[in-house]
Amino acid sequence: MTDQQTIAIRPGGPDDAATVLRLLDSATAWLVARGRTGQWGTEPASTDPRRIAQTDVWTTGGGLYLAMLGDTEVGALVVGSATAYVPPATEPELFVNLLVTDRAYAGHGIGARLLAYAAELARERGLGLLRVDCYGGDDRALVRFYEGCGFTATDRFTVERPGREPWPGQVLERRLG
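A. Up close: the sheet that holds strand S7 (residues 167-175). Read from one edge of the open sheet, seven strands run S1-S2-S3-S4-S5-S7-S6, paired in mixed fashion. One side of each edge strand has no neighbouring strand; the edge strands of this open sheet are strand S1 (8-11) and strand S6 (152-159). Averaged over all adjacent pairs, the angle separating strand axes in this sheet is 30°, with direction ignored. Note that S6 and S7 share six bridges and pair antiparallel. Bridge pairing links Ala153 to Leu172 in S7. The sheet contacts of helix H3 (residues 110-124) involve S1, strand S2 (64-69), strand S3 (72-80), strand S4 (94-101), strand S5 (129-135) and S7, and relative to S4 the element is tilted by about 160°. Packed on one face of the sheet, helix H4 (residues 141-148) meets S4, S5, S6 and S7 and runs near 160° to S5.

In C-alpha cells form, the structure reads like this:
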C-alpha cells in the first residue's frame, strides 16, 4: 500500500478534462466487469455527451483536484455546492461532487487521501461539515467505503431518470473538528 503522504494533490483545470474522462472510463469499465452497472451504467463517460458536459463544468469550476503518484494522475476530486437532487444541508458545507480513482491503483489509499484533502479544504474555509452523495444500490459497498473514511450515512434519495432506471442515492456527512 502506498503511504497516503506520497500522494500529491494538485489543482486541476480545463486542460485536465481528458484525464477526468479517462478516470471515469476506467472506473466504469471496472464496475461493468464486476456486473455493477447501476452506478454509472455501461458506456464510457468519454462517449456520453451528458458526462462530457458535466466534466467540462467540473474542470472549469475551480473545484477540481487531482491525485498524483509521481507524474501520473491517479484520482480526481471535485468539491463545491451540493447537487440539486441532494437534500439540502442545514448549515454551510463543502460538498464532494466527484471522487474517482484509477482502479489500477486500488488499495493505495488514493480515495481516502482525496477525501482527507477535501476535509482540509473545508476547514481552511471555516466549514464544519463535509458531505458527499454516492450510489446507494447493490450491496452498498460504496457507502461502506465512505463510512470507513469517517462519514456517516444520513439521507437516502432516488433520482428519477426518464427512460432509465431510477438511481438510488445516499448522502453521507463528516463533521470536522
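So much for the structure itself; the text now carries on.
B. A look at the pairing of S5. By the criterion of burial, S5 is predominantly enclosed, with seven of the seven residues buried. Pairing between S4 and S5: three bridges, direction parallel. Looking across to S5, one finds that Val96 is bridged to Val132. Viewed along the sheet, the connection from S4 through H3 into S5 turns out right-handed. Pairing of S5 with S7, which is carried by seven bridges, proceeds in the antiparallel orientation. Bridged to Leu130 within S7 is Arg174.

What counts as what
Residues numbered from 1 in each chain as written. Predicted model: local features only at pLDDT ≥ 70, side-chain atom pairs only at ≥ 80, totals over all residues. Heavy atoms only, no water. Pairing = 2+ DSSP bridges. Helix = DSSP H or I, 4+ residues; strand = E, 2+ residues; numbered from the N terminus. Axes fitted to C-alpha atoms, helices over the stretch in contact; angles between N-to-C directions. Contact = heavy atoms within 4.5 Å. Buried < 20%, exposed > 50% of the residue type's maximum accessible area, 1.4 Å probe, protein only. Right-handed = clockwise from strand over helix to strand, strands pointing away.

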